[in-house]
Amino acid sequence: MNASEQGAASARIALRAAGPFATRLDANVRPRAWRNPAPSGRYNLVAIGGGTAGLIGASIVATLGGKVALIEREALGGDCLNTGCVPSKAIIRSSRICAELRDSYLLGVESGGRHADFAAVMERVRRIQARISQKDSADRLQSLGVDVYFGNARFTGKDSLDVDGRCLRFRRALIASGSHPVIPSIEGLVAAGYLNNETVFDLMHLPRRLLVVGGGPLGCELAQAFHRLGSHVTIVQREPQFLPQEERDAAQILSEALARDGLTIHLNTQVVKVTRAGDERTAHMVCAGKESTVTVDEVVAGAGRAPNVDGLGLEAANVDYDDERGVAVDDFLRTSNPRIYAAGDIIEDSRYTHMSEATARIAVQNALFFGRKRLSSLTVPWCTYTDPEIAHVGMYTRDARKRGIPVKTFSIPMNNVDRAIADGEEDGFVKVTIKDGTDRILGATIVARHAGEMINEITLAMVAGVGFKTLSNVIHTYPTQAEAIRHAADAYQRTRLTPLLKRVTTRWLAWNR
Amino acid sequence: MSSPVRPEVPAISDEAFLDALQQASFGYFLRHANPDTGLVADTSAPGSPASIAAAGMGLGVYVVGAERNFITRADAAHRTLTLLRFLAESEQSDAANATGVHGLYYHFLEMDSGRRAWGSELSTIDTALLFAGILAAAAYFAGDASAEQEIRTLADTLYRRADWRWAMDGSAMVKHGWKPEFGFLNYGWEGYSEAIILYALGLGSPTHPLPPPSYREWNATFQWENLYGWDLLYSGPLFIHQFSHLWLDFRGIRDEFMREKRCDYFENSRRASYVQQHYAVLNPKQWTGYSRHCWGISAGEGPGFVTRREGSLERRYFDYTARALPYGPDDGTLAPWVVAASLPFAPEIVLPSLRYMSDVYPQMSDEQNRLRSFNPSVAADGVAGGWVAEHSVGIEQAPIVLMIENHRSSLIWRLLRRCGPLVRGLGHAGFRGGWL
């Protein structure tokens, strides 16, 4: 994060500080009267960054009786609490209510529809942040035995660093400084003013017209949520489908859902320029050579995230890094300095909150307890919290096939699941991919109203090495949407009934009549 | 949804029924071909531009017509030659109003001038469907008559000119299309689709062949699924399981993917037809009419973009869209032509279904007895039976003609089994066994 970005972040904290919940939140994550402790002796672990990875790493070591320091330059809780998962999911919940009121007649309930009170929605966001922040609060960490420092950390040697003039020595360090949004390279965007996936949660008023540039997970979530809250949202995606990483059916169902919500969708389209006149911004777009424009009140644009490596003095610590890919680590999350490990967003391919947590656990275990846990051994699910949600774990079919693994996918449409029908939540599917000829689960994609919850069953099976046929024997409460997983396993079991086996069973049953 | 009981005694025999259906669809190509260019209109709508896919399929249709004595062989040859001469002489350049470039053609052309229409894209799949028809015609017109000799010469010239490799744009797979104003479209062929014929033609080219790894690269995006108890290479709209099969006899020949799955693309299309029927029986969206004899979801025209509330149901209808199952879009619109085009794969369900749909929904046939899409769920303006497509579509009529013929005599399949480039292309794609 450069100086101007840090300034913007501080301004955001200041802006947010209006209202009782915001005050309580800040009291937890960045107490104004906080005094940094005076370092004494060598720490078992110094965690740089008070986001999910740093918090988990520091907490584990403190709980086990270690001497640990945690350094945060902005606010504890990191992106997840302050600008990411927590505010976005709180807003999504409100937006879902709007959609449910809109559609309540489909369930025989005439609600007349209701409009969102955006100020109240945002107040709820702050309240939830304040509440959840208690777990991440400086006071709680201190009570656990963590030395919490607010300030800028900078390595001064292989086993030491400086925090605003204080020298901390460590046996092991964990770099968990996170990431920041990259400024999109769209002509005129910065001058016109735009929001990113963090600053959008600072909005005090609901924009009447909102342009979302980018159809990845964050873009799709924000676009749908704000449209349901009452903005008219236009979403522009450069690729031919949303969520290009996900399989076609999932992306298609999402497109249908966004279209049904009434968003204006531009796929295969690039925003090439943004201009501003008064409070309005006009985006100039190109789709297959055809130019068009859209005028909106606010623009949300993102171009991914970049690791926070600036100012850490990584050279002094002999830690190899790259401005785009972050800190280089081996499969044990060790950097080029064997005393220093890294976890969370600062390492490539680890930019989910749950990955931050998982990598922090691995890093601490490997750093301090002779662990040999590997990053590559993790089974990592993820979810895009649109409606319906799109969750995935493990290998994609295309990746398996490219690796020469024969695969087969068992598909259960949600419109064939009793509970989904009863709930009126029929859009979606469960697809479980196995290694053909075995019952080994390689991966799964679930599109459903609560896919993020459902995918955990598959993840558990994969981590525990439970075969697909075993899931057929797992009694699921009826009726639940998760039964779709058992239906898929049942379908697998039926494929094991070969013609020969069927002839045998038929004869047996005939003989036993 | 309950369905009316099918009349027990058919008024005409199945053979006569198919005859009538085939001849009616054949009539589209007599009525909607331009006599000067040979181009075939995309639809029967007045002012419709030509579709190069319809023109290509039309060449196969003429072959069937000649065999079935719908027209004379000489007439069929004349119609074929008219189109081939136009294709050979029309402008190939990167000008925005040319007919094509690099030997490939724009999706839509002006009927009279043959120039690019609607700002359409240079379409790789539609060009492939055009060339499939060209090669079928070349294989059929094997006689010594000067017209037939010229057909073979022109077909060879045109095929050699097509630069399939250029259409990869340096990537691993073939691109969907190209526009002079923009360059290549941002789409590649990913996932199972109707593109086997495109790859077979491209891989078999003696002049600008696709590299064999391109097919394997595409193959790697296929998804073998178990859906409703059927193991199949899945794709939502039924036409995808048919358009390459209009030309290629997939019975018994297998590429690496199908060898692994112990299946073939013919059997796969049979399963896809059954999945369509199964879906109609389940009818998850509770549309009117769907049953085991009333199915057929594919890309095509629709009632229009309308959302209606019907009691506690929301009804969303679409205009032209790629309808698909089981995840949609499905707006209750049925495409009977796509049922007919599954005849070779599953006659035991297709024929009863076609007869049932004809009996119960006679409005799905227009005045010329051509099948057209219909939607019995739409009761707009009090029209009994709901919405029916106003116009016939070339690439919907041709599959009816070709697949009825393939079912009866395998005519098109037999012709192209001995088509050198296609045999070579299939070989490069890794197909083995059967008639290969």
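Keep in mind that this is a model prediction, so the values were computed, not measured. (Residues numbered from 1 in each chain as written. Chains lettered and ligands numbered in written order. Predicted model: local features only at pLDDT ≥ 70, side-chain atom pairs only at ≥ 80, totals over all residues.)

1. Section: helix H6 (residues 196-203) of chain B
Right, on to step 1. Burial within H6 of chain B is extensive, with eight of its eight residues counted as buried.
Right, on to step 2. Residues of H6 of chain B that are buried: Ile-196, Ile-197, Leu-198, Tyr-199, Ala-200, Leu-201, Gly-202 and Leu-203 of chain B. (Buried ≥ 20, exposed ≤ 12 C-beta atoms within 10 Å, placed from the backbone. Helix = DSSP H or I, 4+ residues; strand = E, 2+ residues; numbered from the N terminus.)

2. Structural notes on the domain arrangement of chain A
Residues and elements named next belong to chain A.
Right, on to step 1. Domain annotation of chain A identifies domain 1 (3-181 + 306-377), domain 2 (189-303) and domain 3 (388-495).
Right, on to step 2. Between the C-alpha centres of domain 1 and domain 2 there is a distance of 28 Å.
Right, on to step 3. Counting residues at the interface gives 19 residues for domain 1, matched by 15 residues for domain 2.
Right, on to step 4. Per-element accounting of the side of domain 1 that touches domain 2 gives the leading share, eight residues, to helix H5 (residues 85-103).
Right, on to step 5. When grouped by side-chain class, the residues that make up the side of domain 1 that touches domain 2 number 11 nonpolar, five polar and three charged. (Domains from an automatic or database assignment. Contact = placed C-beta atoms within 7 Å. Nonpolar A, V, L, I, M, F, W, Y, C, P; charged D, E, K, R; others polar.)

3. Remarks on the sheet that holds strand E6 (residues 177-179) of chain B
Residues and elements named next belong to chain B.
Right, on to step 1. Here we have three strands laid out as an open sheet, ordered E5-E6-E7, and antiparallel in their pairing. Since the sheet does not close on itself, it has two edges, and those belong to strand E5 (122-123) and strand E7 (183-184), each with one partner.
Right, on to step 2. Sheet analysis places E6 next to E7, joined by two bridges and oriented antiparallel. For Trp-178, the partnering residue across the bridge sits in E7 and is Phe-184. (Pairing = 2+ DSSP bridges.)

4. With respect to the pairing of strand E2 (residues 68-72) of chain A
Residue and element names in this part refer to chain A.
Right, on to step 1. Of all five residues in E2, five are buried; the element is thus mostly enclosed.
Right, on to step 2. Of the two faces of E2, both are covered, the one formed by Val-68, Leu-70 and Glu-72 as well as the one formed by Ala-69 and Ile-71.
Right, on to step 3. Inspection of the sheet shows strand E1 (residues 42-48) paired to E2 by four bridges, in the parallel sense. The residue of E2 that forms the bridge with Val-46 is Ala-69.
Right, on to step 4. Since E1 and E2 lie parallel, the crossover through helix H3 (residues 52-63) that links them has a hand, and here it is right-handed.
Right, on to step 5. Where E2 and strand E3 (residues 146-150) come together, five bridges link them in parallel fashion. The residue bridging Val-68 from the neighbouring strand is Val-146, located in E3. (Right-handed = clockwise from strand over helix to strand, strands pointing away.)

5. What about the sheet that holds strand E10 (residues 264-266) of chain A?
Note on sheets: strands pair through backbone hydrogen bonds, and any given pair is parallel or antiparallel.
All names here are of chain A.
Right, on to step 1. Taken in spatial order, the four strands of this open sheet run E10-E9-E8-E14, and their pairing is parallel. Unpaired on one side and paired on the other, E10 and strand E14 (298-301) mark the two borders of the sheet. Pairwise comparison of adjacent strand axes, ignoring direction, gives a mean angle of 15° for this sheet.
Right, on to step 2. Sheet topology note: the strand E8 (residues 209-213)/E14 ladder contains four bridges and is parallel. Opposite Val-213, over in E14, you have Ala-301 as the bridge partner.
Right, on to step 3. Where helix H9 (residues 217-229) meets the sheet, its contacts fall on E8, strand E9 (232-236) and E14, and the angle it forms with E9 comes to roughly 160°. (Axes fitted to C-alpha atoms, helices over the stretch in contact; angles between N-to-C directions.)

6. Points about the packing of helix H4 (residues 124-140) of chain B against H6 of chain B
Residue and element names in this part refer to chain B.
Right, on to step 1. Where H4 meets H6, the axes come as close as 9 Å, and the angle between the chain directions of the two elements is 70°. Between H4 and H6, the crossing angle belongs to the class labelled roughly perpendicular. For the pair formed by H4 and H6, the contact residues are Thr-124, Ile-125, Ala-128, Leu-129, Phe-131 and Ala-132 on the first element and Ile-197, Leu-198 and Leu-201 on the second.
Right, on to step 2. Classifying every residue of the contact of H4 with H6 gives eight nonpolar, one polar and no charged. (Parallel < 35°, antiparallel > 145°, perpendicular 65-115°, else oblique.)

7. Quick notes on the domain arrangement of chain B
Residues and elements named next belong to chain B.
Right, on to step 1. The domains assigned to chain B are domain 1 (1-13 + 223-415) and domain 2 (32-222).
Right, on to step 2. Once you take the C-alpha centre of each, domain 1 and domain 2 turn out to be 25 Å apart.
Right, on to step 3. Domain 1 puts 28 residues into the contact, and the matching count from domain 2 is 31 residues.
Right, on to step 4. Among the elements of the structure, helix H8 (256-261), helix H12 (394-409) and helix H13 (411-417) are those that each provide at least two residues to the side of domain 1 that touches domain 2.
Right, on to step 5. Sort the elements by how many residues they give to the side of domain 1 that touches domain 2 and H12 lands first, with six residues.
Right, on to step 6. A breakdown of the residues in the side of domain 1 that touches domain 2 according to their chemical character gives 19 nonpolar, six polar and three charged.

8. Digging into helix H9 (residues 265-282) of chain B
All names here are of chain B.
Right, on to step 1. For H9, with 18 residues, the first-to-last C-alpha span of 25 Å sits near the 26 Å given by 1.5 Å per residue.
Right, on to step 2. Counted residue by residue, H9 has 14 buried out of 18 residues, so it is predominantly covered.
Right, on to step 3. After H9 finishes, the residue Asn-283 shows a positive phi value of roughly 45°. (Expected span 1.5 Å × (residues − 1).)

9. Section: the interface of chain B and chain A
Right, on to step 1. Listed by partner, the interface residues are 25 residues for chain B and 32 residues for chain A.
Right, on to step 2. For the side of chain B that touches chain A, the leading source of residues is strand E8 (residues 224-227) of chain B, giving four residues.
Right, on to step 3. A per-class count over the side of chain B that touches chain A returns 11 nonpolar, eight polar and six charged.
Right, on to step 4. Across three bridges, strand E21 (residues 407-413) of chain A lies against E8 of chain B in parallel orientation. Bridge pairing links Phe-410 of chain A to Asn-226 of chain B in E8 of chain B.

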